[in-house]
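The lines below spell out each chain.
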Amino acid sequence: MTYLHSMTSSTDGIRALAPARWRGLDGLVSVFWDAEGHAGATGYYLSPDPRIVIFFNDVSSHIRMTNLEGGDNLQYRPMKRAIYVPAGVPLWTSFTSFHRFSHLDIHLHRDRLLKYLTPSLGASLALSALRRPVEIQDAAAIETLAGLLVDEVSSPSRHAAFAESLVGSIVTGLLNLDMDSHELEPANARLTQAQMNRLIAVVNERADYRMSVGEMAEAVGLSESWFANVFKQTTGKTPLQWQLTKRIGIAQEMLEQSDLSVAAIAAQLGFSDQAHLTKTFRQVAGATPAAWRRMRQGN
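These lines cover the structure that appears in this document, whether it is placed above or below.

### Here we look at the nonpolar core
Okay, so step 1: Counting 30 residues, the largest nonpolar core has Ile52, Tyr84, Ile106, Leu108, Leu149, Ile170 and Val171 as its most contacted members.
Okay, so step 2: At the level of elements, β3 (28–46), β4 (51–55), β7 (82–85), β9 (99–108), α1 (110–121), α2 (123–130), α3 (140–154) and α4 (160–174) are the ones that each hand at least two residues to this core.
Okay, so step 3: Examining the composition of this core, we find that six residues originate from one element, α4, more than from any other.
Okay, so step 4: The contact partners of Ile106, leaving out residues within four places of it in the chain, are Val29, Ser30, Pro50, Arg51, Ile52, Leu149, Val167 and Ile170.
Okay, so step 5: Counting 16 residues, the second largest nonpolar core, distinct from the first, contains Val202, Val203, Val230 and Trp242.

Shown next as structure tokens:
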């Protein structure tokens, strides 16, 4: 499949340190860059096809990203080592400090990806997977594959099938294709049970049981915007509503199973004070913590 990628992009304060190295393959183009960005540098990228970006050094403390136009500081999140950007999803980046970096861009024709994934997943689940952004920081295996691909991009030494197989391995390693992917509803994407189990485990590890939406999204390898959408479709609640209900459930267990004061429970669960817990508890459980404890002890 002859493929020429087209991406709308603009940058300010970012420059290449050497000419890009690239190689066109069947339905995809791989491009390797060495570059640097200055503090305050910005970038904008929008492609009609899916793409993968893999960094060969940690950029999370230097580059921030958002998918929301005009996003403020709260809507930006750290750039991860490896990301998958679905077709038509815009990306804005901003540098917080000077940084030199190298990265591999893989531009993929949507039909080529579907042809690759459909035999294993089926057409519906393959389409669903391609619509879900992925951002991961722990990308050691993927970086190893990407390094081999860069060698083939820079100095081709083997048949193109070798480079194409490396891209296929990167795709399956990066995209969210876990063991429970058959549970997804293609027309109404949801978190898998494995993702929910992972999220519950991470929340339970926190001493105060409090996580931001961004932290929750990172725990399951999704972008914040996509996570917030599919989480509500999965649970019927926003991530923060779900987390608040979970914290109140833990408060109920502590009220029933311990002699801790309401103030002590509030402190352990990360509420600002006893009054904050009491107000929230009443909203969720329909009674104050003290009244709820009396009712439970009377049973």
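### Overview of helix α5 (residues 193–205)
Okay, so step 1: Taking 1.5 Å per residue as the helical rise, α5 with its 13 residues ought to reach 18 Å, and the 18 Å between its terminal C-alpha atoms agrees with that figure.
Okay, so step 2: Those residues of α5 hidden inside the fold are in contact with α6 (213–219), α7 (224–235) and α8 (239–257).

### Re the pattern of salt bridges
Any two side chains of opposite charge can pair, so long as their charged atoms come close to each other.
Okay, so step 1: Summed over all chains, the structure comprises nine salt bridges.
Okay, so step 2: Between Arg81 and Glu143 there is a salt bridge, and its shortest N-O distance comes to 2.9 Å. Taken as a pair, Arg81 in the loop between β6 (77–78) and β7 and Glu143 in helix α3 lie far apart in primary sequence, 62 residues in all. Both residues of the pair, Arg81 and Glu143, belong to the buried class.

### Some details on the environment of Gly122
Okay, so step 1: Within the secondary structure layout, Gly122 lies in the loop between α1 and α2.
Okay, so step 2: For Gly122, a relative accessible area of 26% puts it in the partly exposed group.
Okay, so step 3: Between the C-alpha atoms of Gly122 and Pro78, which are 44 residues apart in sequence, the distance is 33 Å.

### Here we look at the layout of surface pockets
Okay, so step 1: What the largest pocket holds in volume is close to 510 Å³.
Okay, so step 2: When contributions to the lining of the largest pocket are tallied by element, the ones reaching two or more residues are β1 (8–16), β3, β4, β8 (91–95) and β9.
Okay, so step 3: In terms of residues, the lining of the largest pocket owes the most to one element, β1, which gives six residues.
Okay, so step 4: Partitioning the lining of the largest pocket into residue classes produces 15 nonpolar, seven polar and three charged.
Okay, so step 5: One number sums up the size of the second largest pocket: a volume of about 240 Å³.
Okay, so step 6: Leu174, Leu175, Asn176, Val220 and Gly221 are, among the 15 residues lining the second largest pocket, the residues nearest its centre.

### Considerations on the environment of Pro133
Okay, so step 1: Checked against the element boundaries, Pro133 lands in the loop between α2 and β10 (134–136).
Okay, so step 2: Separated by 94 residues in the primary sequence, Pro133 and Phe227 have C-alpha atoms spaced 9.1 Å apart.
Okay, so step 3: With residues up to four places along the chain from it excluded, the contact list for Pro133 reads Tyr84, Pro86, Gly221, Leu222, Ser223 and Trp226.

### Topic: the side chain of Arg23
Okay, so step 1: Turning to its location among the elements, Arg23 is positioned in strand β2 (residues 21–25).
Okay, so step 2: Judged by relative accessible area, Arg23 falls into the buried class, the value being 14%.
Okay, so step 3: A distance of 3.2 Å separates a polar atom in the side chain of Arg23 from the backbone oxygen of Glu152.
Okay, so step 4: Among residues more than four places away in sequence, those in contact with Arg23 are Leu28, Val29, Ser30, Glu152, Val153, Pro156, Arg158, His159, Ala160 and Ala163.

### Description of the environment of Ala275
Okay, so step 1: For Ala275, the position within the fold is in helix α10 (residues 274–285).
Okay, so step 2: The exposure class of Ala275 is exposed, given its relative accessible area of 52%.
Okay, so step 3: Sequence separation between Ala275 and Val262 is 13 residues, and the spatial gap between their C-alpha atoms is 9.2 Å.

### A few points about the pairing of β4
Okay, so step 1: Most of β4 is tucked away: five of the five residues are buried.
Okay, so step 2: Two strands pair when backbone bridges link them, and β4 and β7 are joined in this way by four bridges, in the antiparallel orientation. Counterpart to Ile54 in the pairing with β7 is Ala82.

### Brief notes about empty space enclosed by the protein
Gaps between atoms show up when a probe of the same size as a water molecule is rolled over them.
Okay, so step 1: Within this structure, the stated rule accounts for one cavity of 30 Å³ or more.
Okay, so step 2: Taken together, Leu28, Leu108, Arg112, Leu113, Tyr116, Glu164, Val167, Gly168 and Val171 make up the lining of the largest cavity.
Okay, so step 3: At the level of elements, α1 and α4 are the ones that each hand at least two residues to the lining of the largest cavity.
Okay, so step 4: Considering every element that reaches the lining of the largest cavity, the biggest residue donor is α4, with four residues.
Okay, so step 5: For the lining of the largest cavity, the class distribution of residues is six nonpolar, one polar and two charged.

Thresholds, definitions, all that
- Residues numbered from 1 in each chain as written.
- Predicted model: local features only at pLDDT ≥ 70, side-chain atom pairs only at ≥ 80, totals over all residues.
- Heavy atoms only, no water.
- Core = buried A, V, L, I, M, F, W, Y, C linked by side-chain atoms within 4.5 Å.
- Buried < 20%, exposed > 50% of the residue type's maximum accessible area, 1.4 Å probe, protein only.
- Helix = DSSP H or I, 4+ residues; strand = E, 2+ residues; numbered from the N terminus.
- Contact = heavy atoms within 4.5 Å.
- Expected span 1.5 Å × (residues − 1).
- Salt bridge = Lys/Arg side-chain N within 4 Å of Asp/Glu carboxyl O.
- 1 Å grid on protein atoms, 1.4 Å probe; cavity = no way out; pocket = protein on both sides within 12 Å on 5 of 7 lines; lining within 4 Å.
- Points joined across faces, edges and corners; volume = space filled by probe spheres on them.
- Nonpolar A, V, L, I, M, F, W, Y, C, P; charged D, E, K, R; others polar.
- Polar contact = N/O pair within 3.5 Å; in protein donor to acceptor, adjacent residues only side chain to side chain.
- Pairing = 2+ DSSP bridges.

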